[in-house]
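# Residue-level structural notes
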Amino acid sequence: YGYGGVLGQYIKNHAGIEVTVVSTDGSKANIQGIASGDYQLGTVQSDVMAYAYNGTSLFENKIDSFSTVAALYMEQVQIVTTNSSIKSVADLKGKTVSIGAAGSGVYTNALHVLEAAGMTVEDIDAQLLSFSESADGLKNKQIDAAFIVAGAPTTAIVELATTKTAYLVSIEDANVDKLLKTSPYYAKSIIKAGTYNGQTEDVTTVTVKATLIVDANASEDDVYALTAAIFDNAEAITAAHAKGAELSLENATSGMTVPFHAGAAKYFAEKGVTVSTN
């Protein structure tokens, strides 16, 4: 949400397009919102948008009313706990665990991580909570752990780690390998020691990409202008928000499985990068 506000300001100032930033229930809600006409732009997980476009997993029917603008940054699958005895995914067995809002990308990621560890949602006491609700639940000892899928450092975890002793749980390498084999949307990721207060060791996990999507019917000129507004001002955006450091042509265009909007494709073509379009 914070990063969306920064991008919205640059789109307004450099593309002349008014952007109203709203908080939502996540990737699925954003895709459905574009399909219903409530939103024109949205940020989504790269795996969830592929599910929508293909009509699989979280989506019973194909939704193809959106196009890719660009991947923005990596979103790590973070398992956070205040219980020092939870050191692995297997240790979540029998525990009260937030696995994200119902039907969210976090929910699907949590199921995948549990499955890679030979577990199902039946092995835990699953709670369907948002990021802030998860952080509050951990603070108040109402839950033992939470899955949070977002770019590290994540505000909810930063705030938790300033008031409580919090731990990130690594995903074992063998289970990471299973995830990479079963899903093309994951990549291995290391959350470096010191990312959060009290984090003394590197944490191994997987990541998906936070991706900007747009109504497929948006004008080519508008989408070209907003893409340029972001990537031509990457350095200034980085000064305003740390995630701007991940804005690059390679990151923006690689690994995307949903076609790009013609306006974005035009911008990237001018930079020497060819992408697929509808």
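The paragraphs below set out a description of the structure included in this document. Keep in mind that what you see is a predicted model, and the values were worked out from it rather than measured.

### Points about the overall build of the protein chain
Helix and strand content of the protein chain: 11 helices and eight strands. Relative to its length of 278 residues, the protein chain is compact, with a C-alpha radius of gyration of 19 Å against a globular reference of 19 Å. With the principal axes as the frame, the protein chain shows a C-alpha extent of 55 × 40 × 30 Å. For the protein chain, the residues scored as buried account for 49% of the 278 residues in total. Only carbon and sulfur atoms are counted for the fraction: they give 46% of the accessible area of the protein chain, which is about 12,600 Å².

### A look at the nonpolar core
Ranked by size, the top nonpolar core spans 47 residues in total, and within it Ile31, Phe66 and Phe268 carry the most contacts. Among the secondary structure elements, those contributing two or more residues to this core are α1 (2-15), α2 (27-36), α3 (46-54), β2 (66-81), β8 (203-215), α8 (220-231), α9 (234-240) and α11 (262-270). Ranked by size, the runner-up nonpolar core spans 24 residues in total, among them Leu92, Val113, Met119 and Ile124.

### Structural notes on helix α5 (residues 131-139)
For α5, every residue scored as buried is listed here: Ser134, Ala135, Gly137 and Leu138. For α5, the angular spread of the buried residues around the axis is 160°, confining them to a single face. Looking one or two places after α5, you find Lys141, whose phi comes out positive at around 60°.

### With respect to the pattern of salt bridges
If you walk through the whole model with that rule in mind, you get five salt bridges. Between Lys12 and Glu18 there is a salt bridge whose closest N-O contact spans 4.0 Å.

### Some details on unusual backbone geometry
Here Ala152 and Pro153 are connected by a cis peptide whose omega angle stands at 0°. Considering the arrangement of structural elements, one finds Pro153 in the loop between β5 (145-150) and α6 (155-163). Despite not being glycine, Ser57 has its phi angle at roughly 55°, a positive value. Relative to the helices and strands, Ser57 is located in the loop between α3 and β2. Taking the relative accessible area as the measure of exposure, Ser57 reaches 52% and is therefore exposed. The residue Lys141 is not glycine, and still its phi comes out positive at about 60°. In this fold, Lys141 is placed in the loop between α5 and β5. The exposed category is assigned to Lys141, whose relative accessible area is 70%.

### Some remarks on the packing of aromatic side chains
With the rule as written, the count across this model stands at eight aromatic pairs. Summarising the aromatic geometry, the rings of Tyr3 and Tyr73 are spaced 5.6 Å apart at their centres and angled 65° between planes, so their arrangement reads as edge-to-face. Of this pair, Tyr3 sits in helix α1 while Tyr73 sits in strand β2; the two residues are 70 residues apart in sequence, bridging distant segments of the chain. Ring centres of Tyr267 and Phe268 lie 5.6 Å apart, and the angle between their planes is 75°; this geometry places the pair in the edge-to-face category. Pair check on accessibility: Tyr267 and Phe268 agree, each one buried. In textbook terms, an aromatic cluster arises when at least three aromatic residues are bridged by ring pairs, as seen for Tyr224, Phe231, Phe260, Tyr267 and Phe268.

### Some words on helix α7 (residues 173-182)
Those residues of α7 that fall on the buried side of the exposure criterion are Asn175, Val176 and Leu179. For α7, the buried positions fall inside an angular range of 105° around the axis, keeping them on one side. Against the buried residues of α7 lie α4 (105-116), β7 (187-191) and β8.

### What to know about the packing of α8 against α11
At a minimum axis separation of 7 Å, α8 and α11 run at an interaxial angle of 50°. With respect to α11, the element α8 is oriented oblique. Relative to α11, α8 is oriented so that their crossing is right-handed. The segment α8 lies against α11, with Glu220, Val223, Tyr224, Thr227, Ala228 and Phe231 engaging Ala262, Gly263, Ala264, Lys266, Tyr267, Phe268 and Glu270. Considering only residue class, the contact of α8 with α11 consists of eight nonpolar, two polar and three charged.

### Let's talk about the side chain of Ser189
Here Ser189 lies in strand β7. Residue classification places Ser189 among the buried residues on the basis of a relative accessible area of 9%. Residues in contact with Ser189, not counting those within four places in the same chain, are Gln76, Val203, Thr204, Thr205, Val206 and Thr207.

What counts as what
Residues numbered from 1 in each chain as written. Predicted model: local features only at pLDDT ≥ 70, side-chain atom pairs only at ≥ 80, totals over all residues. Heavy atoms only, no water. Helix = DSSP H or I, 4+ residues; strand = E, 2+ residues; numbered from the N terminus. Rg over C-alpha atoms; globule rule 2.2 N^0.38 Å. Buried < 20%, exposed > 50% of the residue type's maximum accessible area, 1.4 Å probe, protein only. Areas by Shrake-Rupley, 256 points an atom, 1.4 Å probe, with all protein chains shown as cover. Core = buried A, V, L, I, M, F, W, Y, C linked by side-chain atoms within 4.5 Å. Arc of directions from axis to C-beta. Salt bridge = Lys/Arg side-chain N within 4 Å of Asp/Glu carboxyl O. Phe/Tyr/Trp six-rings, centres within 6.5 Å; stacked < 30°, edge-to-face > 60°. Contact = heavy atoms within 4.5 Å. Axes fitted to C-alpha atoms, helices over the stretch in contact; angles between N-to-C directions. Parallel < 35°, antiparallel > 145°, perpendicular 65-115°, else oblique. Left-handed = near helix turned anticlockwise from the far one by under 90°. Nonpolar A, V, L, I, M, F, W, Y, C, P; charged D, E, K, R; others polar.

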